[in-house]
Amino acid sequence: MEVTCLLLLALIPFHCRGQGVYAPAQAQIVHAGQACVVKEDNISERVYTIREGDTLMLQCLVTGHPRPQVRWTKTAGSASDKFQETSVFNETLRIERIARTQGGRYYCKAENGVGVPAIKSIRVDVQYLDEPMLTVHQTVSDVRGNFYQEKTVFLRCTVNSNPPARFIWKRGSDTLSHSQDNGVDIYEPLYTQGETKVLKLKNLRPQDYASYTCQVSVRNVCGIPDKAITFRLTNTTAPPALKLSVNETLVVNPGENVTVQCLLTGGDPLPQLQWSHGPGPLPLGALAQGGTLSIPSVQARDSGYYNCTATNNVGNPAKKTVNLLVRSMKNATFQITPDVIKESENIQLGQDLKLSCHVDAVPQEKVTYQWFKNGKPARMSKRLLVTRNDPELPAVTSSLELIDLHFSDYGTYLCMASFPGAPVPDLSVEVNISSETVPPTISVPKGRAVVTVREGSPAELQCEVRGKPRPPVLWSRVDKEAALLPSGLPLEETPDGKLRLERVSRDMSGTYRCQTARYNGFNVRPREAQVQLNVQFPPEVEPSSQDVRQALGRPVLLRCSLLRGSPQRIASAVWRFKGQLLPPPPVVPAAAEAPDHAELRLDAVTRDSSGSYECSVSNDVGSAACLFQVSAKAYSPEFYFDTPNPTRSHKLSKNYSYVLQWTQREPDAVDPVLNYRLSIRQLNQHNAVVKAIPVRRVEKGQLLEYILTDLRVPHSYEVRLTPYTTFGAGDMASRIIHYTEHNTCHFEDEKICGYTQDLTDNFDWTRQNALTQNPKRSPNTGPPTDISGTPEGYYMFIETSRPRELGDRARLVSPLYNASAKFYCVSFFYHMYGKHIGSLNLLVRSRNKGALDTHAWSLSGNKGNVWQQAHVPISPSGPFQIIFEGVRGPGYLGDIAIDDVTLKKGECPRKQTDPNKVVVMPGSGAPCQSSPQLWGPMAIFLLALQR
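Residues numbered from 1 in each chain as written. Predicted model: local features only at pLDDT ≥ 70, side-chain atom pairs only at ≥ 80, totals over all residues. Heavy atoms only, no water.

Within an unreviewed UniProt entry, the label attached to the protein reads MAM domain-containing glycosylphosphatidylinositol anchor protein 1, and the organism entered is Pan troglodytes. In its Subcellular location (unreviewed entry) section, the UniProt record describing the protein reads: "Cell membrane". (UniProt positions renumbered as here; feature names shortened; annotations may be inferred.)

This is how it looks when you write it as structure tokens:
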């Protein structure tokens, strides 16, 4: 009968189920392993607690058809910048060596184009404990006038941790508290960074001079050990004090060797000294040894503030700063300012005139200026004044004012800046004042107002300046959305008025402004002009690639559209089929003036017209192509991944079967699917088994099914599925199927599937088979073999012989399961044979709000020498474990056994008998129960064979 049943299943392996299995995405986040927590009641599937430096692994369990795509994000935005070793589009998120800054709320977004996306979140709490820091502060106050002084010492212990740390203060090896010592006070100050506890030693006593330890603890959460720091308090304990060997402002000449010493004048324990520079690190070649800082051959770039800091964790750090100034001068500029009172912009006799001179110097205030006229020092008079620090000009600027300009004042003026007595070269600048000295004008050369270049080429924008003297030209962009120049600067100076751009890009297009500078020329309103830069670039088209499917004999319109380009027009469009030039299609008159697309119409799709079409579009600068793949091929199948318990296996056969389900993507887009070609190949093998699966008309959303049989345990297989129409083979889809037992445990391995013995019970479960049984075991109790009936098969049982007593309990605890479904079914076989049988209980340990055990199923008494099956429905609300509890009865003939424990998602079978299933042991004489579900089809099939 069993052989006939298998033959019947093999003859009709294919089924079609219903319509519309397309379903929106659903998601749930689970974590790998059990999270480490501070308190039991904090365990939740929404919170993942992990130690800093460990590996975070989150999995987004998805359902829905087609298979949803998963993307991970974080509260602060996309998680791609933070994630390591993974893409944000994987269903599994893995972060190696997680840091505290990577804690927060993570979101899993699953979408498949059906309905709205599913979004789930989980909060990741990263646990850590830094090394504590201990600082000491002391105060001295007068009491009762000057009779004596009261000294109070504060020991401040600070640590960064998550969760909040617990502090323990010790003097020597003794723990300190308020109640045990009136001379101490322990409190938490306000407004502190990190967690802080202060130990206050009031009115310091001799016994207070001792070693103090601050121990911090997070109560071993995530296995983080306690940490501690110790400080010895003596009657010489004092904060650090410093002095410098030089003045706080040190002015030196370039090329000199600079040495600065930072000297300790106090501090116990001995302070540590450290040099720093601001801004930036210490100069290259600088050497800091203890309190001595040496800078060889100092340069102007080495100017800045140098800080010497002394710390010994007593009081505040001591700090001394040296402002190092290396003498230097650069950028000598001048300005010509006509009579401001008369608002003139020209030099005129009888009006006032001011010449100004400035250099950028270090130190700026030490610069001296000298004015010369025609090579001789300028002499002060009532009409010739030299001033310094004009409020309208940059600081430390020298100005020469000519009152009531005369013809004799024309000439060449020279301004010389210098550092008296320093080996720094002087800087000078000349200004010529004559009737030919006129303010500037600026213009764009003819034909250069609009500059058009191709992307990637150099470009030159030019403005011409006239006037005497000719000031520099400053360039900027007019476009508000692109305020910076290609150099990254908002303003760029060019001495010749030409702005040179290398390898221009399309985002450089726009309007550029050129204007005269107000230095090295007239200090008047800037003159300006504008230049337009047009950057031409090749066209961009859509679609860049398109898969066009159509049934045989139907027409197809191919369209290639211009998205952007410069110029924004199609100059020419060329169509090719399989690389061969096609005659140009007829031009539509309405689109002939400014075409923005090109079209090609195929009157009917045939085998000959199927293939690759290319439309090459040009705008005289470059070209781009639209690619179309036209065919009547069927789309690929869409595998259905939500099949409940697709793997079916048996202990005896060493084979398993797999329920393969799929839908056909867009079946109405092409000709009807006639059959499927199925290819099955064991991984790491070359040979494949090919089968043809005929079908009738396939509709959109229709679930198709085929049962793969004779698959070898525990191998995985590659399955390829190809639809066939009158056109021929369509697109192939492939997937890997793995042998899984759906959390079925046969107890064949010594690790017993991760089950563990409960440490709080009275005795343990035992794993054995018929070959390892004790030959002196008690008769008339316990199973002779496991559920398979073979002597090699293992099972778990409780031995109730002495020293076991009535009521003793043995508990077998499963691994922790993440609740990814609302309902589960626990199926298992039990054997309860013997006149002293006690009870077998199934408990569910919920890990959602504390470790809570609830009874789900119980059975007591002798049930015969048979293996029987139970199906127990459970509905855990969070992570859970299942527990098998065997309770010893009144005597030693009470061995209880279990085997083949299975945990499945979904509800248990609706029709159950007690027992649900009976496996007759050899010689038991128990009746055989036939399956009513198989009897009807089997009888019809046997009757047909007889005829």
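Moving on from the model shown.
**Re unusual backbone geometry**
Most peptide bonds adopt trans geometry, and most residues besides glycine take a negative phi value. Here the bond from Glu542 into Pro543 is cis, since omega is 0°, no more than 30 degrees from zero. Here Pro543 is to be found in the loop between β44 (528-542) and β45 (545-549). Along the chain, Val713 connects to Pro714 via a cis peptide bond; the corresponding omega equals 0°. With respect to the helices and strands, the residue Pro714 is situated in the loop between β57 (703-712) and β58 (717-725). (Helix = DSSP H or I, 4+ residues; strand = E, 2+ residues; numbered from the N terminus.)

**A short note on the nonpolar core**
One finds Tyr755, Phe828, Ile882 and Phe884 to be the most contacted residues of the largest nonpolar core, which totals 33 residues. Put simply, the parts of the chain that give this core at least two residues each are β63 (795-798), β64 (809-813), β65 (824-832), β66 (839-846), β67 (852-860), β68 (866-874), β69 (880-887) and β70 (896-905). The element best represented in this core is β65, accounting for five residues. Listed in part, the 29 residues of the second largest apolar core include Leu353, Ala361, Leu400 and Val424. (Core = buried A, V, L, I, M, F, W, Y, C linked by side-chain atoms within 4.5 Å. Buried < 20%, exposed > 50% of the residue type's maximum accessible area, 1.4 Å probe, protein only.)

**Some remarks on the environment of Gln193**
You can see Gln193 is positioned in the loop between β15 (184-187) and β16 (195-201). With relative accessibility at 74%, the residue Gln193 sits in the exposed group. Residues Gln193 and Thr158, 35 residues apart in the sequence, show an inter-C-alpha distance of 8.2 Å.

**Re the sheet that holds strand β7 (residues 92-95)**
Judged by pairing direction, the sheet is antiparallel, and its three strands sit side by side in the order β2-β4-β7 without closing on themselves. The sheet terminates laterally at β2 (23-31) and β7, the two strands that pair on one side only. Here the average twist between neighbouring strands, direction ignored, is 15°. Where strand β4 (residues 56-65) meets β7, four bridges bridge the pair, whose relative direction is antiparallel. (Pairing = 2+ DSSP bridges. Axes fitted to C-alpha atoms, helices over the stretch in contact; angles between N-to-C directions.)

**Let's talk about the packing of aromatic side chains**
As enumerated under the stated definition, the model contains 13 aromatic pairs in all. Aromatic pair Phe828 and Trp857: ring centres 5.2 Å apart, planes at 85°, arrangement edge-to-face. Of the two residues, Phe828 sits in strand β65 while Trp857 sits in strand β67, which places them 29 residues apart along the sequence. We classify Trp857 as buried; its relative accessible area is 18%. Taken together, a centroid distance of 5.6 Å and an interplanar angle of 50° make the contact between Tyr830 and Trp857 tilted. You can see Tyr830 sitting in strand β65 and its partner Trp857 sitting in strand β67, a full 27 residues away along the chain. Comparing Tyr830 with Trp857 shows no difference in burial state: the two are buried. An aromatic cluster of three or more residues is present, and its members are Phe828, Tyr830, Trp857 and Phe884. Between the NZ or CZ atom of Arg735 and the centre of the ring of Phe639, over which it lies, the distance is 5.8 Å. A cation over a ring is seen here: Arg767 above Tyr794, with NZ or CZ 3.6 Å from the ring centre. (Phe/Tyr/Trp six-rings, centres within 6.5 Å; stacked < 30°, edge-to-face > 60°. Lys NZ or Arg CZ within 6 Å of the ring centre and 35° of its normal.)

**Details of the state of the cysteines**
Evaluation of the coordinates by the stated rule reveals eight disulfides. For Cys745, the disulfide goes to Cys753, at an S-S distance of 2.1 Å. Of note, the bridge from Cys745 to Cys753 carries an S-S torsion of about 85° and is right-handed in sense. Across the disulfide from Cys825 sits Cys908; the S-S distance is 2.1 Å. Negative torsions about the S-S bond denote left-handed disulfides, and the value of about 110° found for Cys825 with Cys908 makes this one right-handed. Here the residue Cys825 occupies a position in strand β65, and Cys908 occupies one in the loop between β70 and β71 (918-920), the gap between them amounting to 83 residues. Taken individually, Cys825 and Cys908 each receive the classification buried, so the pair is uniform in this respect. (Disulfide = S-S within 2.5 Å.)

**Digging into the sheet that holds strand β48 (residues 580-581)**
Strand order in the open sheet formed by five strands is β45-β51-β50-β47-β48, and the pairing between neighbours is mixed. Two strands in the sheet have a free side with no partner beyond their single neighbour: β45 and β48. Of the pairings in the sheet, the one linking strand β47 (residues 572-577) to strand β50 (residues 611-618) comprises six bridges and is antiparallel in character. Paired with Val574 across the strands is Ser616, a residue of β50.

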